[in-house]
Structures are given as C-alpha cells and as structure tokens.
Amino acid sequence: MEKRNRYKNRIGGFMILRLFLAGGLVLGAGAGYVYVRNEHVLCGNEIGLVERQIGSLDQEIELWELRIAAVRDRHELSRRLRWVQSDLADIDLSKVIEIQSVSPSGAPVASAY
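The structure displayed is predicted, hence computed values, not measured ones. (Residues numbered from 1 in each chain as written. Predicted model: local features only at pLDDT ≥ 70, side-chain atom pairs only at ≥ 80, totals over all residues. Heavy atoms only, no water.)

Visitor: Describe the overall build of the protein, listing the residues and the values that go with them.
Guide: Scanning the protein from terminus to terminus reveals 2 helices and 0 strands. Of all 113 residues assigned to the protein, the portion counted as buried reaches 1%. Looking at the protein as shown, the accessible area adds up to about 12000 Å², and 60% of this sits on carbon and sulfur atoms. (Helix = DSSP H or I, 4+ residues; strand = E, 2+ residues; numbered from the N terminus. Buried < 20%, exposed > 50% of the residue type's maximum accessible area, 1.4 Å probe, protein only. Areas by Shrake-Rupley, 256 points an atom, 1.4 Å probe, with all protein chains shown as cover.)

Visitor: So what's going on with the packing of helix α1 (residues 13–72) against helix α2 (residues 74–83)? Which residues, and what values?
Guide: Where α1 contacts α2, the two axes come as close as 5 Å, and the packing angle between them is 100°. By the criterion of interaxial angle, the relationship of α1 to α2 is roughly perpendicular. Within the contact between the two elements, α1 uses A70, V71 and R72 and α2 uses R74, E76, L77 and R80. In terms of residue class, the contact of α1 with α2 is made up of 3 nonpolar, no polar and 4 charged. (Axes fitted to C-alpha atoms, helices over the stretch in contact; angles between N-to-C directions. Parallel < 35°, antiparallel > 145°, perpendicular 65-115°, else oblique. Contact = heavy atoms within 4.5 Å. Nonpolar A, V, L, I, M, F, W, Y, C, P; charged D, E, K, R; others polar.)

Visitor: Tell me about unusual backbone geometry, and name the residues and values.
Guide: Positive phi, normally seen in glycine, also occurs at Q85, with a value near 55°. Tracing the sequence through the fold places Q85 in the segment after α2.

Visitor: Lay out the packing of aromatic side chains with the relevant residues and their values.
Guide: As enumerated under the stated definition, the model contains 0 aromatic pairs in all. Stacked on the ring of W64, the Lys or Arg R67 has its end atom at 4.9 Å from the ring centre. (Phe/Tyr/Trp six-rings, centres within 6.5 Å; stacked < 30°, edge-to-face > 60°. Lys NZ or Arg CZ within 6 Å of the ring centre and 35° of its normal.)

Here it is, written out as structure tokens:
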C-alpha cells in the first residue's frame, strides 16, 4: 500500500525563489556594510597618516625657528661662524669708530619736496 499524498507541504518554486531573494538581500546588505566599513577604516588611516605628517612638519618648523633664533644671537652667530670655519673675522671693538653727526639747529635744511 502506497501512501498517495505523502508530501503535503512540498516546497514550491515560488518558495525557493523567495528564499533565494531573501538570502540575496541579506547577503547584499552584509556586503554593503562590510564595504562601507572598510572605506571608513581606509579613510581613517589616511587621516592618521596626514596628521602624522602635519606633526612632523610642525616639529621641523619649530626646529628651523630655533635655528633662526640662535643665529640672531651675536654670540651664537660667532660660534657658528667659527664652527663652519668661515673667512669672516671677529670685529675688534677697539678699532670701531663712531661718527657723531652734528646738525646745527639754526641751519637751513634742504628738501626735495
């Protein structure tokens, strides 16, 4: 004796299509999330790299500012000139002549204007 209506709840073609469609939607949503998250992480890495470059440039600028400030000091400039063995000679203050300008207050002043 054979059972005639053995499989009452058979899965039809539409049910398989619905399952594939639902699975595809879930798979697409998951892949989209992973893609967006990866792009976010890559952008964050690029931002971090740029911030590190900015930090290194700031350090370099501070270093140059310190070097400029050091060269503006007379004693430091003299030391650096000796260090690089410059041909410039130190100025002997006993040989410096100051010229006093004498301007009589009653004398007429020539003007081009």
